[in-house]
Amino acid sequence: MRIGIMIGTDMAQPTLDELITRARTAEAAGLHQVWMANMFSFDALTTLALIGRATSRIGLGTAVTPTFPRHPTVMAQQAMTAAAASNGRFTLGIGLSHRLVIEDMFGLSYARPARHMREYLSVLLPLLRGETVAFNGELYRVNGVTLDFPGDHNPPIVIAALGPVMLRLAAELSEGTSTWMVGPKTMENHIIRSLRDAGMQAPRVVGGFPVLLTHRPDEVRAELGAALAIYGQLPSYRAMLDREGVKGPEDICLIGDEQRVRAGIAALDEAGATDLRATELEPS
């Protein structure tokens, strides 16, 4: 299992220089990957391109960049630039985000999200392969567009997929999925099984988990309930927590001393996850 960390998700509002330094520290420590979510601060694709110029070995990836706000040609250009900047170490993680963000906050339609993603990929994937796009769908109509990049750094894609329809789409059109709020039982019995049932023999499964080293796990878990409460309220994540049979996000965190956290990581590896994307938490 490849071990990576998230950057830019804490509340300290790190500067660009601090994000780059953290990535370089992760590389020096021997970690396999650095991931960054596209949220409401620095653009993740741009930041990872800069990190690609400041590092030499560590893998880089978005977890994730929402598709609705960016035309697929724009996403392709940015992804190819990040891949070139890192000499082919970049993985493009994309996802639908949530109705709360796309519709309520951005004012865009969140109707027919699976249709949106299929059409989006119908434009994005040929562009990443250096092909000329000729696609006329219901949502996207793109014709005669080709991206001309030197070298051969076409980035792999993982899709944030939790429900059955999106998991089938991920199996058909990507390398796998990037998850959040998915416990170990659900990872094995729903996520990985669904991808394999859809025809993927060796899916890439990037499991995102909050991680906190502490000698008082029960106390800290109670504190995390409030901090992570929003993830238990968003419908797609709530469905995964219900599948796992847990009350809230705090119940799937990797919390405890080193031995307990290592055991949790080993369980994910045994379940079939290929990558751990650790979001480091600090005790209050």
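Residues numbered from 1 in each chain as written. Predicted model: local features only at pLDDT ≥ 70, side-chain atom pairs only at ≥ 80, totals over all residues. Heavy atoms only, no water.

Trainee: Tell me about the pairing of strand E6 (residues 133-136), and please be specific about residues and values.
Mentor: The side-chain alternation of E6 yields one buried face, formed by Val133 and Phe135, and one unburied face, formed by Ala134 and Asn136. Relative to strand E7 (residues 141-145), E6 runs antiparallel, the two sharing four bridges. Residue pairing for E7: Val133 is matched across the bridge by Val145. Once E6 ends, the chain turns through four residues before running back antiparallel as E7. (Buried < 20%, exposed > 50% of the residue type's maximum accessible area, 1.4 Å probe, protein only. Helix = DSSP H or I, 4+ residues; strand = E, 2+ residues; numbered from the N terminus. Pairing = 2+ DSSP bridges.)

Trainee: So what about the layout of surface pockets? Which residues, and what values?
Mentor: Size it by volume and the second largest pocket reaches roughly 160 Å³. As for the second largest pocket, its lining consists of 13 residues, and the residues nearest its centre are Cys253, Leu254, Ile255, Arg260 and Gly264. Sorting elements by how many residues they give to the lining of the second largest pocket places helix H10 (residues 258-271) first, with five residues. Residues of the lining of the second largest pocket, tallied by class, amount to nine nonpolar, one polar and three charged. (1 Å grid on protein atoms, 1.4 Å probe; cavity = no way out; pocket = protein on both sides within 12 Å on 5 of 7 lines; lining within 4 Å. Points joined across faces, edges and corners; volume = space filled by probe spheres on them. Nonpolar A, V, L, I, M, F, W, Y, C, P; charged D, E, K, R; others polar.)

Trainee: Report on the side chain of Thr65, specifying residues and quantitative values.
Mentor: The topology assignment puts Thr65 in strand E4 (residues 65-66). Accessibility expressed as a relative area gives 0% for Thr65, which makes it buried. Residues in contact with Thr65, not counting those within four places in the same chain, are Asn38, Leu45, Arg70, Met75, Gly93, Ile94 and Gly95. (Contact = heavy atoms within 4.5 Å.)

Trainee: Tell me about the environment of Leu92, residues and numbers included.
Mentor: Inspection of the secondary structure puts Leu92 in strand E5 (residues 90-95). For Leu92, a relative accessible area of 0% translates into the label buried. Distance from Leu92 to Ala161, taken between C-alpha atoms, is 14 Å for residues 69 residues apart in sequence. Setting aside anything within four residues of it in sequence, one finds Leu92 in contact with Leu45, Thr62, Met75, Ala79, Leu124, Leu128, Pro156, Ile157 and Val158.

Trainee: Give a detailed account of helix H3 (residues 72-85), specifying residues and quantitative values.
Mentor: Taking 1.5 Å as the rise per residue, H3 with 14 residues should run 20 Å; its terminal C-alpha atoms sit 20 Å apart, in good agreement. By the burial criterion, the buried members of H3 are Pro72, Thr73, Met75, Ala76, Ala79, Met80, Ala82, Ala83 and Ala85. Against the buried residues of H3 lie helix H2 (44-54), E4, E5, helix H5 (113-128) and E7. Following H3 by one or two positions, Asn87 has its phi on the positive side, about 55 degrees. (Expected span 1.5 Å × (residues − 1).)

Trainee: Break down the packing of H5 against helix H6 (residues 164-173) for me, citing the residues and quoting the values.
Mentor: Look at H5 against H6: their axes get within 10 Å of each other, and the N-to-C directions meet at 15 degrees. On the basis of their axis angle, the class for H5 and H6 is roughly parallel. Of the two possible hands of crossing, H5 and H6 adopt the one that is right-handed. Contacts from Ala114, Met117, Arg118, Leu121 and Leu125 of H5 reach H6 at Val165, Met166, Leu169, Glu172 and Leu173. Broken down by class, the residue content of the contact of H5 with H6 amounts to eight nonpolar, no polar and two charged. (Axes fitted to C-alpha atoms, helices over the stretch in contact; angles between N-to-C directions. Parallel < 35°, antiparallel > 145°, perpendicular 65-115°, else oblique. Left-handed = near helix turned anticlockwise from the far one by under 90°.)

Trainee: Account for helix H8 (residues 217-227), naming residues and giving values.
Mentor: For the α-helix, the turn length of 3.6 residues means that residues three or four positions removed from each other point alike. What H8 keeps buried is the set Pro217, Val220, Leu224 and Gly225. An end-on view of H8 places all buried positions within 160 degrees of arc, on one side of the element. Seen from the buried face of H8, the exposed residues on the opposite side, beyond 90 degrees, are Asp218, Ala222 and Ala226. On its buried side, H8 packs onto strand E10 (204-213), strand E11 (254-256) and H10. (Arc of directions from axis to C-beta.)

Trainee: Account for the nonpolar core, with residues named and values stated.
Mentor: Within the largest apolar cluster, 75 residues are counted, with the highest numbers of intra-cluster contacts made by Phe90, Leu92, Ile94 and Leu124. No other element matches H5, which puts eight residues into this core. Setting aside chain neighbours within four positions, we find Ile94 in contact with Val64, Thr65, Thr67, Met75, Met117, Leu121, Leu124, Ile157, Val158, Ile159 and Ala160. The next biggest cluster of nonpolar side chains, apart from the first, holds seven residues, and it includes Leu228, Cys253, Ile255 and Leu281. (Core = buried A, V, L, I, M, F, W, Y, C linked by side-chain atoms within 4.5 Å.)

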